[in-house]
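The lines below spell out each chain.
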Protein chains: 2
Amino acid sequence: MALTVVGSIAFHAVKTPFGERERMLGGAATHFSLAASFFTEVRPVGPVGDDFGAEQFELLEARGIKTDDIERVPGGQSFFWRGHYDFDLNVAHTDDTQLGVFGEFEPKLSDAARAADTLFLANIQPDLQRQVRAQCTAARFSGLDSMNLWIDTAKDSLLAAIAEVDCLIVNDAEIRQLTGESNLARAARAVMEHGPRAVVAKQGEYGAALFTGEGFFALPGFPLDDVRDPTGAGDSFAGGFLGYLDGCDGELDEANLRRAMGYGTVLASFNVENFGTERVAQLTREEIDERFATLHEMTQFEPLPVR
Amino acid sequence: MALTVVGSIAFHAVKTPFGERERMLGGAATHFSLAASFFTEVRPVGPVGDDFGAEQFELLEARGIKTDDIERVPGGQSFFWRGHYDFDLNVAHTDDTQLGVFGEFEPKLSDAARAADTLFLANIQPDLQRQVRAQCTAARFSGLDSMNLWIDTAKDSLLAAIAEVDCLIVNDAEIRQLTGESNLARAARAVMEHGPRAVVAKQGEYGAALFTGEGFFALPGFPLDDVRDPTGAGDSFAGGFLGYLDGCDGELDEANLRRAMGYGTVLASFNVENFGTERVAQLTREEIDERFATLHEMTQFEPLPVR
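The rules we used
Residues numbered from 1 in each chain as written. Chains lettered and ligands numbered in written order. Predicted model: local features only at pLDDT ≥ 70, side-chain atom pairs only at ≥ 80, totals over all residues. Heavy atoms only, no water. Least-squares fit on C-alpha atoms with pLDDT ≥ 70 in both. Contact = heavy atoms within 4.5 Å. Buried < 20%, exposed > 50% of the residue type's maximum accessible area, 1.4 Å probe, protein only. Helix = DSSP H or I, 4+ residues; strand = E, 2+ residues; numbered from the N terminus. Arc of directions from axis to C-beta. Polar contact = N/O pair within 3.5 Å; in protein donor to acceptor, adjacent residues only side chain to side chain. Salt bridge = Lys/Arg side-chain N within 4 Å of Asp/Glu carboxyl O. Buried area = accessible area lost by both parts, 1.4 Å probe. Nonpolar A, V, L, I, M, F, W, Y, C, P; charged D, E, K, R; others polar. Pairing = 2+ DSSP bridges. Axes fitted to C-alpha atoms, helices over the stretch in contact; angles between N-to-C directions. Phe/Tyr/Trp six-rings, centres within 6.5 Å; stacked < 30°, edge-to-face > 60°. Parallel < 35°, antiparallel > 145°, perpendicular 65-115°, else oblique. Left-handed = near helix turned anticlockwise from the far one by under 90°. Lys, Arg positive; Asp, Glu negative; His and termini not counted.

Visitor: Can you walk me through the relation of the copies chain B and chain A in this structure?
Guide: Relating one copy of the chain to the other requires a rotation about an axis plus a shift along that axis. Overlaying chain B on chain A yields an RMSD of 0.0 Å, the required transformation being a rotation through 180° with an accompanying axial translation of 0.0 Å. Such a combination of turn and shift is consistent with a two-fold rotation axis. Comparing interface residues between copies, 98% of those in chain B also lie at the interface in chain A; the contact surface is shared.

The structure is reproduced here in structure tokens:
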């Protein structure tokens, strides 16, 4: 099985109450790829500049990630984001965004990237998402992330992109904003009537909820004593979720979707334990499976009412 | 088994985007008692005025609730609250509060109320909570709710009250405010170091989390297409939670605490389906058990990773 992801491959400067980094590897496709790499072969698609060098390629390749579709633009600068978090780690404050080579990005996928069984369209301009979707004709399952910016500025394009994927994976506030429906269950159903057969509502520290035609499933965020940097948690969730689905070789049924929610939750929790990619780049599959088992233990109960 | 609850027995005026009621039965002890009445014998303690009449007593007694400890103060007016909710049903806006007979309340419990196996101190001034706690010497399990007002104005009293109960049941933001600790897992542990052996963090539509010495457990809010009035959801949760624990005749172990979280979630979900007590007053145990089974189905997954 193989997974293609298109999205930002970037450098980040991040400050939280627990520390800061002036320049580190980041970006949605980066976090997604690292998380998914524990389950399947991943191929990130996106442009980088001259500043993206051997060190960054090696970090990805050490996890078995296929970097052929990372397009190095001569003379360009990689996407750069500077942000900070205060007491409430659920809210990111953006201090600077420099699109760099991402401003001129026109996705041209290799044959290998086009042949992916699973596709993730990370949060980029929805017309670009559609261009990539159109090239990946073999995908048996596709997911899409977005953000309030595109709901505000490119809603028609975004709705067209959503109609072409199997699963929308966004923050719950964005599902409400997109549909104009405050009730999340109704909002998710409105999205599904538009095309996707599944909707994942990411809820930050509260976890994530899955809506499908068969019903509803939810998991809490994995409780952690130390959250150092929440940047990339949502993309790590999506990487664990779609990575597991691509790698499991099974049916895309409710049971596998629920397990995928578990792996998404686990990967997101590791991501936030340290800055940027620092924790996930050092992670092992054994640590993932151990935390998955703990998450399972934390969420199960026996329905044996005494009277 | 028997359960005593002290707290407000009130009239409410509530307006939400889905309707309004100019005067209806409400109050923390009311919502709690109705929810708990499906599991055990409940005895609410609190003052009411002349305006609290046969209709209100009958509604409670129809559910088997023991009303002997509801103190009718001649010439007094019952506690009254007027509030409204906008698009975001998680935020209550208070328009008017009239303490009425609650301003002079001095809890004097009957022998039957003092003999309760389980005690719930709903959200009232913490010195009053302590007076009641001191009278209920037989309780094998006790819970306490509070609010930001008492953290701001009577923190020492509140901490003393918390130290005397087995379980704190409050909103997650209040656990953070009380402890000055933004990380919820650490904040819950700080509370437990202070006395309680369990902490329940209510999280509105996101559900609730349970912290104990043994670990962590969480359930999502039950997904509903129609939420008409969230008032009393937290007290209905506490009523389902403590009512089940009192009624189950079992050990107060992790398995029963988790089932209790399930019943709390279910009662809270019924509460918000209609205004005030309208839904829970009409509820049946069969409907509760059916929704409990659905909640179980919505939260379980099989940990069988394919590779």
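Visitor: So what exactly am I meant to see when it comes to helix 8 (residues 184-193) of chain A here?
Guide: Working note: α-helix, 3.6 residues per turn, so residues spaced by three or four point in the same direction. Residue and element names in this part refer to chain A. All of the buried residues along helix 8 are Leu-184, Ala-185, Ala-187, Ala-188, Val-191 and Met-192. Burial along helix 8 is one-sided: seen end-on, the buried residues are contained in an arc of 165°. Buried positions along helix 8 lie against helix 6 (155-163), strand 10 (167-171), helix 7 (172-179), strand 11 (198-202) and strand 12 (208-212). At the N-terminal end of helix 8, a side-chain oxygen is found 3.1 Å from the backbone nitrogen of Ala-185, two or three residues along, and the residue is Asn-183. Among the residues trailing helix 8, Gly-195 stands out with phi positive, at a value near 150°.

Visitor: For this particular structure, what's the right way to read the pattern of salt bridges?
Guide: All names here are of chain A. What the rule picks out here adds up to 36 salt bridges over all chains. Among the ionic pairs, Lys-108 bridges to Glu-71, the shortest N-O distance being 3.8 Å. Here Lys-108, found in the loop between strand 7 (93-98) and helix 3 (111-114), pairs with Glu-71, found in strand 5 (residues 70-72); they are 37 residues apart in sequence, far enough to count as distant. For Glu-71, a relative accessible area of 32% puts it in the partly exposed group. The structure contains a network of salt bridges with shared partners spanning Glu-273, Arg-279, Glu-287 and Arg-291.

Visitor: I tried to follow the interface of chain B and chain A on my own but got confused; where do I start?
Guide: It is common to give the size of an interface as the accessible area lost on bringing the parts into contact. Across the contact, 45 residues belong to chain B and 44 residues belong to chain A. Between chain B and chain A the total buried area reaches about 4,300 Å² when both faces are included, carbon and sulfur atoms providing 52% of it. Our enumeration of links across chain B and chain A arrives at eight salt bridges. Arg-186 of chain B is the partner of Asp-226 of chain A in a salt bridge, and the nearest nitrogen-oxygen pair spans 2.7 Å. No other element matches the six residues that helix 11 (residues 285-299) of chain B contributes to the side of chain B that touches chain A. Its residues assigned to classes, the side of chain B that touches chain A shows 23 nonpolar, eight polar and 14 charged.

Visitor: In this structure, what is going on with the sheet that holds strand 2 (residues 10-16) of chain A? I would like to understand it.
Guide: Think of a sheet as strands paired side by side through backbone hydrogen bonds, with each pair either parallel or antiparallel. Residue and element names in this part refer to chain A. The strand order across the open sheet built from four strands is 3-2-6-7, with neighbouring strands paired in mixed fashion. The open sheet has two edge strands with one neighbour each: strand 3 (19-26) and strand 7. For this sheet, the mean inter-axis angle between neighbouring strands, taken without regard to orientation, is 15°. Bridge count between strand 2 and strand 3: six bridges; the pairing is antiparallel. Looking at the pairing, Phe-11 lines up with Leu-25 of strand 3.

Visitor: I'm lost on the packing of aromatic side chains in this one. Help?
Guide: For any two aromatic rings, the description comes down to two numbers: the centre-to-centre distance and the angle of the planes. Under the definition given, this model contains 27 aromatic pairs over all chains. Here Phe-102 of chain A and Phe-105 of chain A contribute two aromatic rings whose centre-to-centre distance is 5.3 Å and whose plane-to-plane angle is 40°, an arrangement assigned as tilted. Of the residues examined, Phe-102 of chain A reaches a relative accessible area of 9% and is grouped as buried. On the basis of relative accessibility, which here comes to 6%, the residue Phe-105 of chain A falls in the buried class. Relative to Phe-292 of chain B, the ring of Phe-301 of chain A has its centre 5.6 Å away and its plane inclined at 80°; by these criteria the two rings are edge-to-face. Separated into two different chains, Phe-301 of chain A in the segment after helix 11 (285-299) and Phe-292 of chain B in helix 11 make up a pair that spans both.

Visitor: Where do I start with the sheet that holds strand 2 (residues 10-16) of chain B in this structure?
Guide: All names here are of chain B. The four strands lie next to each other as 3-2-6-7, forming an open sheet whose pairing is mixed. Sheet topology places strand 3 (19-26) and strand 7 (93-98) at the edges, where each strand pairs with a single neighbour. The mean inter-strand angle of the sheet, taken between neighbouring strand axes irrespective of direction, is 15°. Summarising the sheet, strand 2 and strand 6 (residues 79-84) pair through six bridges and their orientation is parallel. Following the sheet pairing, Lys-15 is matched in strand 6 by His-84.

Visitor: Which parts of the structure should I look at to understand the environment of Arg-114 of chain A?
Guide: Residues and elements named next belong to chain A. One can find Arg-114 in helix 3. The exposure class of Arg-114 is partly exposed, given its relative accessible area of 35%. Distance in space between the C-alpha atoms of Arg-114 and Leu-3 is 9.6 Å, their sequence separation being 111 residues. Residue contacts for Arg-114: discarding those within four places in its chain leaves Leu-109, Gln-135, Cys-136, Thr-137 and Ala-138. A polar atom in the side chain of Arg-114 sits 3.2 Å from the backbone oxygen of Leu-109.

Visitor: Any chance you could explain the packing of helix 4 (residues 126-135) of chain B against helix 6 (residues 155-163) of chain B here in plain terms?
Guide: Describing two packed helices takes the angle between their axes plus the distance from one axis to the other. Residues and elements named next belong to chain B. It is at 8 Å that the axes of helix 4 and helix 6 come closest, and there the two elements cross at 25°. The orientation of helix 4 with respect to helix 6, classified from their angle, is roughly parallel. Crossing geometry of helix 4 relative to helix 6 is assigned as left-handed. Here helix 4 contributes Pro-126, Asp-127, Gln-129 and Arg-130 to the contact with helix 6, which in turn contributes Ser-157, Leu-158, Ala-160 and Ala-161. Across the contact of helix 4 with helix 6, the residue classes break down as four nonpolar, two polar and two charged.

Visitor: Is there a simple way to think about the side chain of Asp-246 of chain B in this case?
Guide: All names here are of chain B. Summarising the element assignment, Asp-246 is placed in helix 9 (residues 233-247). Buried and without a salt bridge, Asp-246 has Arg-140 as its closest oppositely charged side chain, separated by 5.2 Å. For Asp-246, the side chain forms a polar contact with the side chain of Thr-40, separated by 2.6 Å. Side chain to side chain, Asp-246 and Thr-118 meet in a polar contact 2.6 Å long. If we skip the residues at most four places from it in the chain, Asp-246 touches Met-1, Ala-2, Leu-3, Thr-40, Asp-117, Thr-118 and Arg-140.

Visitor: Would you mind showing me how to read the pairing of strand 4 (residues 41-48) of chain A here?
Guide: Walk down a regular strand and you will see the side chains alternate between the two sheet faces. Residue and element names in this part refer to chain A. With seven of its eight residues buried, strand 4 lies for the most part within the structure. When strand 1 (residues 2-6) meets strand 4, the two strands line up parallel, connected through five bridges. Pairing of Val-5 across the sheet is with Pro-44, part of strand 4.

Visitor: Would you mind going over the environment of Leu-144 of chain B with me for this structure?
Guide: Position of Leu-144 of chain B among the secondary structure elements: in strand 9 (residues 141-144). With sequence-adjacent residues up to four places away left out, Leu-144 of chain B is seen in contact with Phe-120, Leu-121, Gln-129, Leu-158, Ala-161, Ile-162, Val-165, Cys-167, Leu-168, Ile-169 and Val-170 of chain B.

Visitor: Teacher, can you tell me more about helix 4 of chain B here?
Guide: All names here are of chain B. When helix 4 is considered as a whole, its buried residues turn out to be Pro-126, Leu-128, Gln-129, Val-132, Arg-133 and Gln-135. Structurally, helix 4 contributes buried residues whose contacts are with strand 1 (2-6), helix 3 (111-114), strand 8 (118-121), strand 9, helix 5 (148-153) and helix 6. A distance of 2.6 Å separates the backbone nitrogen of Asp-127 from a side-chain oxygen at the start of helix 4, and that oxygen is part of Gln-125.

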